[in-house]
Amino acid sequence: MEMAQQVPLDPHGRAENPPSNTANDDGTLQLCSDVAYRRLGIVNVVFFGSPGAGDRKWVLIDAGVMGTTGLITRAAEERFGAKSRPEL
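Below you will find a few notes about this structure. (Residues numbered from 1 in each chain as written. Predicted model: local features only at pLDDT ≥ 70, side-chain atom pairs only at ≥ 80, totals over all residues. Heavy atoms only, no water.)

A look at the sheet that holds strand 3 (residues 43-48)
So, step 1. Strand order across the open sheet formed by four strands is 1-2-3-4, with antiparallel pairing between neighbours. Looking at strand neighbours, the two that pair on one side only are strand 1 (28-32) and strand 4 (59-62), the edges of this open sheet. On average, each strand axis in the sheet is inclined to that of its neighbour by 20°, with strand direction left out of account.
So, step 2. Of the strand pairs in this sheet, strand 1 and strand 2 (residues 35-40) are connected by four bridges, and their pairing is antiparallel. When the sheet's bridge partners are listed, Gln 30 is paired in strand 2 with Ala 36. (Pairing = 2+ DSSP bridges. Helix = DSSP H or I, 4+ residues; strand = E, 2+ residues; numbered from the N terminus. Axes fitted to C-alpha atoms, helices over the stretch in contact; angles between N-to-C directions.)

This is the structure:
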């Protein structure tokens, strides 16, 4: 299947430098209020859920590679709260 055209991205939705990222020092970039991602080498890890959502109230879309568990865990705890785990 071939894509007929690219869907344009609103400049305010770009992840390079939104004002919401200034508070993050862990490399996590927020795309919108409930979607953020972190680039880990050659892959992305995506967090779906509102900041501060708490335990089992968010989803991890994980394409992480071996050795990145600590980075993913720290980013998740920063975004959702200490010891916060993703929904099963």
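That covers the picture; the talk isn't over yet.
Here we look at the packing of aromatic side chains
So, step 1. Enumeration according to the criterion identifies three aromatic pairs in this entry.
So, step 2. Here the aromatic rings of Phe 47 and Trp 58 are separated by 6.1 Å at their centres, their planes lie at 50°, and the arrangement is tilted. With Phe 47 in strand 3 and Trp 58 in the loop between strand 3 and strand 4, the pair connects residues that are eleven residues apart, well separated along the chain.
So, step 3. By relative accessible area, Phe 47 is classed as buried at 1%.
So, step 4. On the basis of relative accessible area, Trp 58 is assigned to the buried category, the value being 3%.
So, step 5. Every member of this aromatic cluster is reached through a ring pair, and the members are Phe 47, Trp 58 and Phe 80. (Phe/Tyr/Trp six-rings, centres within 6.5 Å; stacked < 30°, edge-to-face > 60°. Buried < 20%, exposed > 50% of the residue type's maximum accessible area, 1.4 Å probe, protein only.)

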